[in-house]
Amino acid sequence: MRLLFVTSEAYPLAKTGGLADVSRALPIALKRRGIDARLLLPGYPGALEHIENPRILAELAPMLGISGATLVSGRLPATNVPVFLIDAPSLFRRDGGIYQSGNGQDWPDNALRFAFLSHVGAKLAMGRLGLTWRPDIVHANDWHAGLLPLLLSLEPAPRPKTIFTAHNMAFQGNFPPGILPTAGVPEDCFRCGQIELYGQASFLKAGLCYSDRVTTVSPTYAREILTPEFGFGLDGLLRERGDDFVGILNGIDDASWDPAADIHLPRSFRLGDISGKRVCKAALQRELGLPVSPKAPLIGFVSRIAHQKMADAILAVLPWLAERGAQFVLLGEGDRELEAEFAQAQERHPGCVAVRIGYDEALAHRLQAGSDILLAPARFEPCGLTQLYALRYGTLPIVRRTGGLADTVVDANARTIADRTATGFVFDDASLEALTAALERALALYTKPLTWRCLQLQAMVQDFSWDISADRYISLYRDVAGIAPADGTVDPIATDVQRHVAI
Ligand code: ADP
Ligand code: GLC
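Residues numbered from 1 in each chain as written. Chains lettered and ligands numbered in written order. Predicted model: local features only at pLDDT ≥ 70, side-chain atom pairs only at ≥ 80, totals over all residues. Heavy atoms only, no water.

(A) Molecular detail of the confidence of the model for the protein chain. Residues at a pLDDT of 70 or more form 96% of the protein chain, whose mean pLDDT is 95. A low-confidence stretch, residues 488-503 (pLDDT under 50), is modelled with 45 contacts involving residues beyond four sequence positions or located in other chains. (pLDDT = per-residue confidence, 0-100. Contact = heavy atoms within 4.5 Å.)

Right, dumping it as structure tokens:
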């Protein structure tokens, strides 16, 4: 089975959050199972720099007013996953972020940038780029690839089947309808309401409407977004999709996130011997300028600094934590005002609060390994990956009972501690009081080393690898494409050569 996985980010080529981790780990897991999975994403400068074995595969004829673009092929670093990058310099080769310029504003031409991604995806999927390889299935992710199922639906059969995964209903890619000609979308699609959302043209809605199947990234979030509270205006559409819509829990890349083999850690540790975690904690305290105190509970937060992640509540709880002698470390970026307030909190609570604003993959690993507790509360959370990394690193997560957080953490109470199923702390209300109460419970148990150790071991034995979920995606692909289970043979890697093609 040949699969084209279309995404706006994939670690380590481009990353702002969990989508990048999934876009790496799921294709790796699919390849291991004999699926010929290939990625398509924009050729940002970092992606062009880091892709392995790059070569120009095709020159793309002018489209949507963009000329001089090429399709580059290569490998996702340190994997056998083939990648196609769209090198369209005027759209993607810029200083700044993937979605935003350096000053935190969305790029004004985002509709065009990601429409271009979908158009190239459609041409590739329909075999119009002169390559010998054509997918049976196109798996499009998030609003950035939302137009792709729409574009393919306009193509004559035979055409590949489409799966669309919504990683977060809050990010919708809504633009004024006047953008549609620029995005190469027939205006009829807007008139018939299929992509219209409160008067805007929604790329997310296009993905949800036009794909053969829709998925999201945890079973609980799949139920939640059928309601107005979590559906962001699209719950009715999802309800209409009925059985075509499912939640499949994300897994983790258990090779990159393995405390026994993590290249970013000063000392490794494993289930049978977690003594190295003490070394990681001391090193993290030293690195962030906190007193090296083995006894002080060290609470980590590695996240986008956003309302979704309850960053405002975390900021408000810091004086309470400092009074109790706990240490808090933050690695994140996002809301500029909250960033500034966290920086002020560091000044106000020296020795207790350490704040690193920015993006640092290696520090994220060291923070997971060195912390005792990971804060991962959220007002809503489609899946959440940081709590899964925390579990693997024996760092007990504090989460709110929502989305994938509810599906992956078992609250520590008298019963779950006794029957050894507890793995963290779960609270219900999205309030400062409820967050504080959960922290209080965690800090109380932290003073009981034997109980704490049992919880850590229980957390570390959890299996959140992609094994089960990759098989669920494969069943879905087979089902929608009507392809019988494979006989175990792996699809050959196509040997496309550089060509000049018109699209
Ligand atoms: P989301 O995708 O909603 O931001 P997830 O929990 O699914 O949340 O994924 C977040 C990913 O981004 C994790 O891999 C986490 O380690 C990483 N991450 C978040 N903020 C930073 C940061 N400032 N520096 C490094 N990694 C970060
Ligand atoms: C989104 C969600 C997050 C999820 C990630 C990967 O960024 O906010 O919950 O883990 O996508 O699916």
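(B) Expanded view of unusual backbone geometry. A cis amide bond, omega 0 degrees, links Tyr11 with the succeeding residue Pro12. Mapped onto the elements, Pro12 comes out in the loop between strand E1 (2-6) and helix H1 (18-32). Following Ala157, the chain continues into Pro158 via a peptide bond in cis, with omega recorded as 0 degrees. Of note, Pro158 is situated in the loop between helix H5 (147-153) and strand E7 (161-166). (Helix = DSSP H or I, 4+ residues; strand = E, 2+ residues; numbered from the N terminus.)

(C) Main features of the environment of Val185. Along the chain, the position of Val185 falls in the loop between helix H6 (180-183) and helix H7 (188-191). Residue classification places Val185 among the buried positions, given a relative accessible area of 4%. For the pair Val185 and Leu150, spaced 35 residues apart in sequence, the C-alpha to C-alpha distance is 8.5 Å. (Buried < 20%, exposed > 50% of the residue type's maximum accessible area, 1.4 Å probe, protein only.)

(D) Expanded view of the pairing of strand E2 (residues 36-42). Of all seven residues that make up E2, seven are buried, and the element is covered over most of its length. Direction of pairing for E2 relative to strand E5 (residues 82-87): parallel, over a ladder of four bridges. Across the sheet, the residue bridging to Leu41 is Leu85, located in E5. (Pairing = 2+ DSSP bridges.)

(E) The arrangement of empty space enclosed by the protein in detail. If you walk through the whole model with that rule in mind, you get one cavity of 30 Å³ or more. Estimates place the volume of the largest cavity at around 50 Å³. If you go around the largest cavity, the residues you meet are Tyr11, Asp21, Arg24, Asp253, Ser256, Trp257, Glu361 and Tyr389. Of the residues contributing to the lining of the largest cavity, the split by class is three nonpolar, one polar and four charged. (1 Å grid on protein atoms, 1.4 Å probe; cavity = no way out; pocket = protein on both sides within 12 Å on 5 of 7 lines; lining within 4 Å. Points joined across faces, edges and corners; volume = space filled by probe spheres on them. Nonpolar A, V, L, I, M, F, W, Y, C, P; charged D, E, K, R; others polar.)

(F) Spatial organisation of the site of ligand 1. Surrounding ligand 1, one finds 20 residues, the nearest of these being Lys15, Gly18, Asp21, Arg304 and Gly358. Interatomic distance of 2.8 Å between a side-chain N/O atom of Lys15 and an oxygen atom of ligand 1. At 3.4 Å, a backbone N or O of Thr386 approaches an oxygen atom of ligand 1. Computed on the free molecule, ligand 1 has an accessible area of 560 Å², of which 92% lies beneath the protein chains in the complex. For the shell around ligand 1, the secondary structure elements donating two or more residues are H1, strand E13 (298-305), strand E14 (327-334), helix H15 (361-370) and helix H16 (386-392). Residue contributions to the shell around ligand 1 peak at three residues, all from E13. Within the shell around ligand 1, the residues separate by chemical class into six nonpolar, seven polar and seven charged. Both of domain 1 (2-251 + 468-498) and domain 2 (276-460) provide at least three residues apiece to the shell around ligand 1. (Near = heavy atom within 4 Å. Polar contact = N/O pair within 3.5 Å; in protein donor to acceptor, adjacent residues only side chain to side chain. Areas by Shrake-Rupley, 256 points an atom, 1.4 Å probe, with all protein chains shown as cover. Domains from an automatic or database assignment.)

(G) How the structure looks around the packing of aromatic side chains. This model, assessed by the stated rule, comprises 16 aromatic pairs. Among the aromatic residues, those joined into a cluster by ring pairs are Tyr99, Phe114, Trp143, Phe175 and Phe203. Sitting over the face of the ring of Tyr11, Lys15 holds its NZ or CZ atom 5.4 Å from the ring centroid. Positioned above the aromatic ring of Trp107 is the side chain of Arg94, whose terminal nitrogen or guanidinium carbon lies 4.8 Å from the ring centre. (Phe/Tyr/Trp six-rings, centres within 6.5 Å; stacked < 30°, edge-to-face > 60°. Lys NZ or Arg CZ within 6 Å of the ring centre and 35° of its normal.)

(H) Structural view of the nonpolar core. Counting 180 residues, the largest nonpolar core has Leu71, Ile86, Phe116, Leu208, Leu321, Phe328 and Phe342 as the members making the most contacts within it. If you tally residues by element for this core, the top one is helix H4 (residues 110-125), at 10 residues. The two domains that each donate at least three residues to this core are domain 1 (2-251 + 468-498) and domain 2 (276-460). Excluding residues within four positions of it along the chain, Phe328 makes contact with Leu290, Ile299, Phe301, Ile314, Leu318, Leu321, Phe342, Cys352, Val353, Ala354 and Leu375. (Core = buried A, V, L, I, M, F, W, Y, C linked by side-chain atoms within 4.5 Å.)

(I) Geometry of the site of ligand 2. Of all residues adjacent to ligand 2, which total 14 residues, the nearest are His167, Asn250, Glu381, Cys383 and Gly384. One nitrogen or oxygen atom from the side chain of His167 is found 2.7 Å from an oxygen atom belonging to ligand 2. At a separation of 3.0 Å, an oxygen atom of ligand 2 approaches a polar backbone atom of Cys383. For ligand 2, whose unbound accessible area comes to 300 Å², protein coverage reaches 92%. Per-element tally for the shell around ligand 2: the top contributor is H1, with three residues. Its residues assigned to classes, the shell around ligand 2 comprises six nonpolar, six polar and two charged. Both domains that furnish three or more residues to the shell around ligand 2 are identified here as domain 1 (2-251 + 468-498) and domain 2 (276-460).

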